[in-house]
Amino acid sequence: MNDILSKERIFNQLIDKFCGALTKEEEISAWFKKADFKAEPGYKYTFTASAQQNCTSITGGVKNAHPYTLIYTWIVANTDTETIMKWYLEKTEKRRD
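Residues numbered from 1 in each chain as written. Predicted model: local features only at pLDDT ≥ 70, side-chain atom pairs only at ≥ 80, totals over all residues. Heavy atoms only, no water.

Our next topic: the overall build of the protein. Regarding its fold elements, the protein presents two helices and five strands. For the protein, the succession of helices and strands along the chain, N to C, is α-α-β-β-β-β-β. Taking all contacts inside the protein whose residues are at least 6 apart in sequence as the whole, residues at least 24 apart take part in 21%. Just so you have it, the protein exposes about 7800 Å², and 50% of that area is on carbon and sulfur atoms. (Helix = DSSP H or I, 4+ residues; strand = E, 2+ residues; numbered from the N terminus. Contact = heavy atoms within 4.5 Å. Areas by Shrake-Rupley, 256 points an atom, 1.4 Å probe, with all protein chains shown as cover.)

This is the structure:
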């Protein structure tokens, strides 16, 4: 089965800061899971869950990494389902709240 889920969100954040949260090992580790990650095509990564997170690790590989585009595979431990994660970031007009 090939299901596709798509979400579009607007964040009131500088694009480079938001991009760093998706591509830098130390920033991913701060908001998600401990990461061994580099935004480089071909890089094989691991996200490691802590005991407090009560979930398993995730492995995968980076397929595409260009400014504001990141595509990687995602396989949760003890499963055989490969998911493809795609992030496309773009600047928008500043929102006024």
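On we go from here.
By the bridge criterion, seven bridges tie strand β4 (residues 69–76) to strand β5 (residues 82–88) in an arrangement that is antiparallel. By the bridge assignment for β5, Thr69 is matched with Tyr88. Counted between consecutive antiparallel strands, the loop separating β4 from β5 contains five residues, among which Asn78 sits at a positive phi close to 65°. (Pairing = 2+ DSSP bridges.)

Our next topic: the environment of Ser57. With respect to the helices and strands, Ser57 occurs in the loop between β2 (44–48) and β3 (58–66). Distance from Ser57 to Phe47, taken between C-alpha atoms, is 5.5 Å for residues ten residues apart in sequence. Excluding its chain neighbours within four sequence positions, the residues that come into contact with Ser57 are Phe47, Thr48, Ala49, Ile75, Val76 and Ala77.

Ordered in space as β1-β2-β3-β4-β5, the five strands form an open sheet in which the pairing is antiparallel. Each edge of the open sheet carries a strand with a single partner, namely β1 (34–36) and β5. When strand polarity is set aside, the average angle formed by the axes of neighbouring strands in this sheet is 25°. (Axes fitted to C-alpha atoms, helices over the stretch in contact; angles between N-to-C directions.)

This part covers the environment of Trp74. Inspection of the secondary structure assignment puts Trp74 in strand β4. Taking the C-alpha atoms as reference points, Trp74 and Thr46, 28 residues apart in sequence, are found 9.4 Å from one another. Look past the residues within four positions of Trp74 in its chain and what remains in contact with it is Phe32, Tyr45, Phe47, Ile58, Thr59, Thr81, Glu82, Thr83 and Met85.

Bringing the packing of aromatic side chains into the picture now. Evaluated as defined, the whole model comprises eleven aromatic pairs. Considering the side-chain rings of Tyr45 and Tyr72, the 5.7 Å spacing of their centres and the 90° angle between planes classify their relative orientation as edge-to-face. Taken as a pair, Tyr45 in strand β2 and Tyr72 in strand β4 lie far apart in primary sequence, 27 residues in all. Assigned by exposure class, Tyr45 and Tyr72 land together as buried. Taken together, Trp31, Phe32, Phe37, Tyr45, Phe47, Tyr72 and Trp74 form an aromatic cluster joined through their ring pairs. (Phe/Tyr/Trp six-rings, centres within 6.5 Å; stacked < 30°, edge-to-face > 60°. Buried < 20%, exposed > 50% of the residue type's maximum accessible area, 1.4 Å probe, protein only.)

So far we have only geometry, and geometry alone does not tell us how the molecule works.
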